[in-house]
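Residue strings, one per chain:
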2 protein chains.
Amino acid sequence: MPRRVDSARRSGCPISIALELLGDPWSLLIVRDLMFKGMTSFLDFLNAGEGIASNILTDRLARLVDAGMLEKHRAKDRRRFVYRLTAKGIALAPVLVELILWSDAHEETDAPRQTIKAMRENRAEFLRRVRIKWKTERSHRPG
Amino acid sequence: MPRRVDSARRSGCPISIALELLGDPWSLLIVRDLMFKGMTSFLDFLNAGEGIASNILTDRLARLVDAGMLEKHRAKDRRRFVYRLTAKGIALAPVLVELILWSDAHEETDAPRQTIKAMRENRAEFLRRVRIKWKTERSHRPG
DNA sequence: CCGGATCCGTTTCGATACTG
DNA sequence: CAGTATCGAAACGGATCCGG
């Protein structure tokens, strides 16, 4: 299995730790799908259209769980697993939003106009709703 | 020379393009050093303490210039080069700020408390100053 | 000395195939 | 469904070399 990427751990720079996560094309995509698209399962991510390979997905999910950004639970189904964002994970919402807005402004994306508009015109409200949605979903599943 | 990382180019996801950049541990560090630390030269980045290798630095600088986030100019010195953020590059400031705040909140960093405080307590003003500083520096050098 | 370019051994990535 | 096993292709980092 691929080893932890330690090369991003730098001495005393304010965003060093974040780059353990962000210095990788896949992790943020997983977080985004979890946060904005309601995806929760291994297969959701695997077929999300980005074309991640299963072994890479396994590794990144484990890494994110390891970093305390995701929790892994058994679904009611008992055969399946469900991944959920932790508080630390949902706290990435502002970063994601800024990133999405930047991408939308500077590159061609076919992001849903509706969502972009909501993000741009009332960022605080948008973020509040993301958090509320997260809390609600979370409280519906007994830990 | 290392080839462009195309694996991050995904179909129609709102942050796909950004990940060409961000899906790499080094690019954001360079942008940050440029934006917040006043570093401008090859050697600045090379000795920034993060331990990037010269060949990797060369590649990342070229990539960032290529992506339209950096401009490369000859310094008054004529032996040296100076790298500057473009408008597209400076537009990443909100992303960086959110990232830094997230890292500060969720991991141990020794980021300067003063700066973090300024970012957190008055984000808009902080960003405004970053942009003003950028414009000022830029106008001092005839293109 | 500055800003790279090139070569090379090692690590990590990722596509495919396979499994409980 | 949720992962392993395999294995070739990259990216990485260190060292060294080069042109101005």
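Below or above, wherever it landed, is the structure these notes cover. (Residues numbered from 1 in each chain as written. Chains lettered and ligands numbered in written order. Predicted model: local features only at pLDDT ≥ 70, side-chain atom pairs only at ≥ 80, totals over all residues. Heavy atoms only, no water.)

**With respect to the overall build of chain A**
So, point 1. Per the secondary structure count, chain A includes eight helices and two strands.
So, point 2. Here chain A holds 143 residues, and 49% of them are scored as buried.
So, point 3. Put simply, of all contacts in chain A between residues at least 6 apart along the chain, 48% involve residues at least 24 apart.
So, point 4. As displayed, chain A has an accessible area near 7500 Å², and 52% of this comes from carbon and sulfur atoms. (Helix = DSSP H or I, 4+ residues; strand = E, 2+ residues; numbered from the N terminus. Buried < 20%, exposed > 50% of the residue type's maximum accessible area, 1.4 Å probe, protein only. Contact = heavy atoms within 4.5 Å. Areas by Shrake-Rupley, 256 points an atom, 1.4 Å probe, with all protein chains shown as cover.)

**Quick look at the protein's contact with DNA strand C**
So, point 1. The environment of DNA strand C is formed by 21 residues, the closest being Asn55(A), Ile56(A), Thr58(B), Lys72(B) and Tyr83(B).
So, point 2. Put simply, 67% of the atoms of DNA strand C that lie within 4 Å of the protein are in sugar or phosphate.
So, point 3. One of the side-chain nitrogen or oxygen atoms of Lys72(B) is found 2.5 Å away from a phosphate oxygen of DNA strand C.
So, point 4. Residue assignment for the surface near DNA strand C shows that the elements contributing at least two residues are helix H4 (54-66) of chain A together with helix H3 (42-46), helix H4 (54-66) and strand S2 (81-85) of chain B.
So, point 5. Ranked by the residues each element gives to the surface near DNA strand C, the list is headed by H4(A), at five residues. (Near = heavy atom within 4 Å. Polar contact = N/O pair within 3.5 Å; in protein donor to acceptor, adjacent residues only side chain to side chain.)

**Comments concerning the packing of helix H6 (residues 93-106) of chain B against helix H8 (residues 123-139) of chain B**
All names here are of chain B.
So, point 1. It is at 10 Å that the axes of H6 and H8 come closest, and there the two elements cross at 130°. The orientation of H6 relative to H8 falls into the category oblique. At the point where H6 passes H8, the crossing takes the right-handed sense. Along the contact surface, H6 presents Ala-93, Pro-94, Val-97, Glu-98 and Leu-101, while H8 presents Arg-123, Phe-126, Leu-127, Val-130 and Arg-131.
So, point 2. Of the residues belonging to the contact of H6 with H8, the class tally is seven nonpolar, no polar and three charged. (Axes fitted to C-alpha atoms, helices over the stretch in contact; angles between N-to-C directions. Parallel < 35°, antiparallel > 145°, perpendicular 65-115°, else oblique. Left-handed = near helix turned anticlockwise from the far one by under 90°. Nonpolar A, V, L, I, M, F, W, Y, C, P; charged D, E, K, R; others polar.)

All we've got here are geometric facts, nothing functional implied.
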